[in-house]
Every structure is written in structure tokens, then in C-alpha cells.
Amino acid sequence: MEELEVNHVDEIHEKLSDMIGQRVKVKANMGRTRVVERMGCIKTVHPSVFIVEVDERRGRKSRQSYQYVDVLTGTVELFDPESGEHLFTPLGNQLEEH
């Protein structure tokens with residue numbers, strides 16, 4: 001999977017709509033130096049959020065919702081589970097590259 005440069009929430013929404021059912025690694029900055037990393041599957045996409053079913057301990061699953069704007073700003077990062085590459089370039093990183 002190649003990394004996409006995004007600068008619109010709509011582009012993230014469209015890409016994730018095409019990825020329903022695929023596994024991703026999610027890294028979410030929860031504030032106060034707390035970062036959560038999980039593996040899961042994109043379940044559904046809605047107009048302002050998407051749902052990832054994440055693998056918990058002992059085979060249990062839970063669902064986490066994330067906002068597209070958080071992917072845009074880099075608060076939530078999505079990675080290809082095989083290669084470890086970013087699926088989206090956060091907006092701040094795009095500005096630094098140009």
C-alpha cells in the first residue's frame with residue numbers, strides 16, 4: 001500500500017471506504033504522553049467517524065471510533081500491518097516536506 005498525502009477529510013473518508021474489511025495498525029495519541037497502538041479491521045465508515053474493530057486480550061474484540069480530522073492532523077495514525085508504512089501523511093508533515 002502506498003502512502004497517501006491528504007489535505008481533505010473527504011479524501012480520507014473515500015480511501016477508508018475502499019478499505020472496509022482490511023486490517024490496519026492504529027496508533028492514537030490520547031494526550032498526556034499516552035499513546036495507544038492496536039491492530040484491527042476497518043468495520044464501517046460514517047460521515048465524520050470510522051470504526052475499527054480491534055483485537056483485545058484473550059481473543060476478545062472491541063470497537064473504537066476515530067475521527068477523520070484526527071487522521072488529517074496526525075493525532076491518529078494508520079499503518080499497513082505488513083510493511084509498517086503510514087497509510088496517510090498527516091497535514092503537518094506535508095507542510096514540512098514542501
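Residues numbered from 1 in each chain as written. Predicted model: local features only at pLDDT ≥ 70, side-chain atom pairs only at ≥ 80, totals over all residues. Heavy atoms only, no water.

### Here we look at the overall build of the chain
Quick note on the threshold: Only DSSP runs of H or I covering at least 4 residues are called helices, and only runs of E covering at least 2 are called strands; the numbering of each starts at the N terminus. With a 1.4 Å probe rolled over the protein chains alone, any residue whose accessible area is under 20% of its type maximum counts as buried; one over 50% counts as exposed, and the rest are partly exposed. Only the protein chains shown count as cover for residues, with accessible areas throughout obtained via the Shrake-Rupley method and a probe of 1.4 Å.
Looking only at helices and strands, the chain features 3 helices and 7 strands. Here the chain holds 98 residues, and the buried ones make up 32% of them. Of the roughly 6200 Å² of accessible surface on the chain, 45% is carried by carbon and sulfur atoms.

### Some thoughts on the nonpolar core
Test applied: Put simply, a nonpolar core is a bunch of buried Ala, Val, Leu, Ile, Met, Phe, Trp, Tyr and Cys residues held in one set by side-chain atoms that sit within 4.5 Å of each other. Only heavy atoms enter the contact rule, under which two residues are in contact if any of them lie within 4.5 Å.
Grouped together as the largest cluster of nonpolar side chains are 19 residues, with contacts concentrated most on Leu16, Val24, Phe50 and Leu78. Among the elements of the structure, helix 1 (9–18), strand 2 (23–29), strand 3 (35–45), strand 4 (49–55), helix 2 (68–73) and strand 6 (76–79) are those that each provide at least two residues to this core. Those residues in contact with Leu16 that sit more than four places away from it in its chain are Ile42, Val45, Phe50, Tyr68, Leu78 and Phe88.

### Digging into the pairing of strand 5 (residues 61–67)
As a reminder, the rule being used: What makes two strands pair is DSSP finding at least two bridges between them.
Here strand 4 runs beside strand 5; their pairing, made up of 7 bridges, is antiparallel. Considered in strand 5, the bridge of Val49 is made with Gln67. Linking two consecutive strands that pair antiparallel, namely strand 4 and strand 5, is a turn of 5 residues; a positive phi of about 60° is found at Arg58 within it.

### Examining the environment of Val76
Within the secondary structure, Val76 sits in strand 6. Classification of Val76 as buried rests on a relative accessible area of 4%. Look past the residues within four positions of Val76 in its chain and what remains in contact with it is Val26, Lys27, Ala28, Tyr66, Asp70 and Val71.

### Quick word on the environment of Thr75
On the secondary structure map, Thr75 appears in the loop between helix 2 and strand 6. For Thr75, a relative accessible area of 30% corresponds to the partly exposed category. Taking C-alpha positions, Thr75 is 8.5 Å from Pro90, a pair spaced 15 residues apart along the chain. In this structure, Thr75 is in contact with Lys27, Ala28, Asn29 and Asp70, ignoring residues within four places of it in sequence.

### Considerations on the pairing of strand 4
Within strand 4, 5 of the 7 residues are buried, which leaves it mostly tucked inside the rest of the structure. The pairing of strand 3 with strand 4 spans 5 bridges and is classified as antiparallel. Pairing of Cys41 across the sheet is with Glu53, part of strand 4. Taking the residues between adjacent antiparallel strands as the criterion, strand 3 and strand 4 are bridged by 3 residues.

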